[in-house]
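# Topology and contacts: notes
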Amino acid sequence: MKIIMLGAPGAGKGTQAKQIAGKYSIPHISTGDIFRANIKNGTELGKKAKEYMDQGLLVPDELTCDLVVDRIGQDDCKNGFVLDGFPRTIPQAEALTNALNELGQKMDYAIDVDVPDENIVKRMSGRRACLECGATYHVVSIPPKKEGICDACGSELVLRDDDKPETVQKRLDVYHEQTQPLIDYYKKAGILKSVDGTQPMEDVFAEIVKILG
Ligand code: AP5
Ligand code: MG
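Let us look at the pattern of salt bridges. Between side chains of opposite charge, a pair can form when the charged atoms approach closely. In total, this model carries 11 salt bridges according to the counting rule given. The network of salt bridges with common partners includes Arg-127, Arg-160, Asp-162, Asp-163 and Arg-171.

This is how it looks when you write it as structure tokens:
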């Protein structure tokens, strides 16, 4: 099963993608997590990506597309994968479609997690992220068992550099301009499904499972 998670920053793509990956035993591929891991490890890619991410801008397509095309060609993706945060521009979607075409494959679902902008800023300021394993918490709605510590791997939780309110607003603007057109792109491809992302996270997941079967 090959799935794309669409949705604004903070809509819950990562939260849901992790659960999907667990239930269907497919890898969770988050370009944001890949970039953050590179920043943490001080790689060249990380240095370049950070310049854009800290301003709430998209990392250029040429740094992003090859990385994902390469990743989905690896052995563990044979039975499918869930893409979280990619594609985010029409050229990225086209690069993905073309790469899969070459393998005689196509995406099965693009799931849009729909959350209005008003809800987003609130969510982001309370988010805490694990840079080690990619787990995500919220200080009010989804707190970790022990404050500041990741339930999954025991690492320290942080407020992401790009979760400051002014950067969140920029990310929302960029989303509407560059990423929202993908909703139409995948509607035309006949694989778009929408879920109401304002529900509690278990209910969002239940809706997704109904779609995926
Ligand atoms: P990325 O890491 O993908 O960030 P994003 O799209 O901005 O999305 P987020 O991770 O912020 O939100 P999410 O939808 O995963 O929500 P989450 O589950 O955490 O990208 C970061 C940056 O990297 C980009 O700005 C860009 O610069 C760069 N980048 C990445 N991919 C790129 C690409 N393809 N091309 C170019 N640049 C790229 O949930 C949010 C919060 O809400 C959490 O605290 C969570 O616990 C809580 N929550 C989740 N669900 C619920 C619920 N149902 N009810 C209440 N709270 C909930
Ligand atoms: Mg995420």
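On we go from here.
Before going further, it helps to examine the nonpolar core. Membership of the largest hydrophobic core comes to 49 residues, with the highest contact counts inside it found for Ile-3, Met-5, Ile-20, Leu-83, Leu-96 and Tyr-186. Non-local contacts of Leu-96, meaning those with residues more than four positions away in its chain, are made with Ile-4, Ile-72, Leu-83, Phe-86, Pro-87, Met-107 and Tyr-186. If you look at the next biggest cluster of nonpolar residues, it comprises five residues, including Ala-135, Tyr-137, Cys-150 and Leu-157.

This brings us to the packing of aromatic side chains. Taken as a whole and assessed by the stated rule, the structure comprises one aromatic pair. Each ring, one from Tyr-185 and one from Tyr-186, has its centre 4.9 Å from the other, and the planes form 75°; the classification is edge-to-face. For Lys-23, the ring lying beneath its charged end belongs to Tyr-24, and the centroid distance is 5.9 Å.

Neighbouring strands of a sheet are bound in pairs by backbone hydrogen bonds; such pairs are parallel or else antiparallel. Taking strand neighbours across the sheet as the criterion, the five strands line up as β2-β3-β1-β4-β8 in an open arrangement whose pairing is parallel. Whereas interior strands pair on both sides, the edge strands pair on one side only; in this sheet they are β2 (28-30) and β8 (192-196). On average, each strand axis in the sheet is tilted by 25° relative to the strand beside it, whichever way the strands run. Summarising the sheet, strand β1 (residues 2-6) and strand β4 (residues 109-114) pair through four bridges and their orientation is parallel. Its bridge partner being in β4, Ile-3 is matched across the sheet by Tyr-109. The strands touched by helix α2 (residues 31-40) are β2 and β3 (81-84); relative to β2, the strand with the most contacts, the crossing angle is about 65°.

So, about helix α5 (residues 90-102). In a regular helix each residue adds 1.5 Å, so 13 residues correspond to 18 Å; α5 covers 18 Å between its end C-alpha atoms and thus fits that length. Burial in α5 covers these residues: Gln-92, Ala-93, Leu-96, Ala-99 and Leu-100. One side of α5 carries all its buried residues, which in axial view fall inside an arc of 130°. Opposite the buried face of α5, at more than 90 degrees from it, the exposed residues are Asn-101 and Glu-102. In this structure, the buried side of α5 is in contact with β1, α4 (61-72), β3 and α8 (181-188).

A word on the site of ligand 1. Near ligand 1 lie 36 residues; those nearest to it are Thr-15, Leu-57, Arg-88, Arg-127 and Arg-171. In the environment of ligand 1, an oxygen atom lies 2.6 Å from a nitrogen or oxygen atom belonging to the side chain of Arg-171. Look at ligand 1: alone it shows 1,000 Å² of surface, and the protein chains cover 96% of it. Elements represented by at least two residues in the shell around ligand 1 include exactly α1 (13-24), α2, α6 (117-126) and β6 (136-138).

Here we take up the sheet that holds strand β5 (residues 127-130). Strand order across the open sheet formed by three strands is β6-β5-β7, with antiparallel pairing between neighbours. For this open sheet the edge positions go to β6 and β7 (157-158), each flanked by a neighbour on one side alone. Alignment of β5 against β7, held across two bridges, turns out to be antiparallel. Across the sheet, the residue bridging to Ala-129 is Val-158, located in β7. Together, β5 and β6 form the strand contacts of α6, whose direction differs from that of β5 by roughly 50°.

Right, let's talk about the packing of helix α7 (residues 165-179) against α8 for a bit. At a minimum axis distance of 5 Å, the contact between α7 and α8 shows a crossing angle of 35°. Within the contact between the two elements, α7 uses Tyr-175, His-176, Glu-177, Gln-178 and Thr-179 and α8 uses Pro-181, Leu-182 and Ile-183. When its residues are assigned to classes, the contact of α7 with α8 shows four nonpolar, three polar and one charged.

As a further point, take the packing of α2 against α4. Two numbers describe how α2 lies on α4: the axes approach to 11 Å, and their chain directions differ by 105°. Here α2 lies roughly perpendicular to α4, going by the angle between them. Together, Thr-31, Ile-34 and Phe-35 of α2 and Leu-63, Thr-64, Leu-67 and Val-68 of α4 make up the contact between the two elements.

Reading the values: rules and limits
Residues numbered from 1 in each chain as written. Chains lettered and ligands numbered in written order. Predicted model: local features only at pLDDT ≥ 70, side-chain atom pairs only at ≥ 80, totals over all residues. Heavy atoms only, no water. Salt bridge = Lys/Arg side-chain N within 4 Å of Asp/Glu carboxyl O. Core = buried A, V, L, I, M, F, W, Y, C linked by side-chain atoms within 4.5 Å. Buried < 20%, exposed > 50% of the residue type's maximum accessible area, 1.4 Å probe, protein only. Contact = heavy atoms within 4.5 Å. Phe/Tyr/Trp six-rings, centres within 6.5 Å; stacked < 30°, edge-to-face > 60°. Lys NZ or Arg CZ within 6 Å of the ring centre and 35° of its normal. Pairing = 2+ DSSP bridges. Helix = DSSP H or I, 4+ residues; strand = E, 2+ residues; numbered from the N terminus. Axes fitted to C-alpha atoms, helices over the stretch in contact; angles between N-to-C directions. Expected span 1.5 Å × (residues − 1). Arc of directions from axis to C-beta. Near = heavy atom within 4 Å. Polar contact = N/O pair within 3.5 Å; in protein donor to acceptor, adjacent residues only side chain to side chain. Areas by Shrake-Rupley, 256 points an atom, 1.4 Å probe, with all protein chains shown as cover. Nonpolar A, V, L, I, M, F, W, Y, C, P; charged D, E, K, R; others polar. Parallel < 35°, antiparallel > 145°, perpendicular 65-115°, else oblique.

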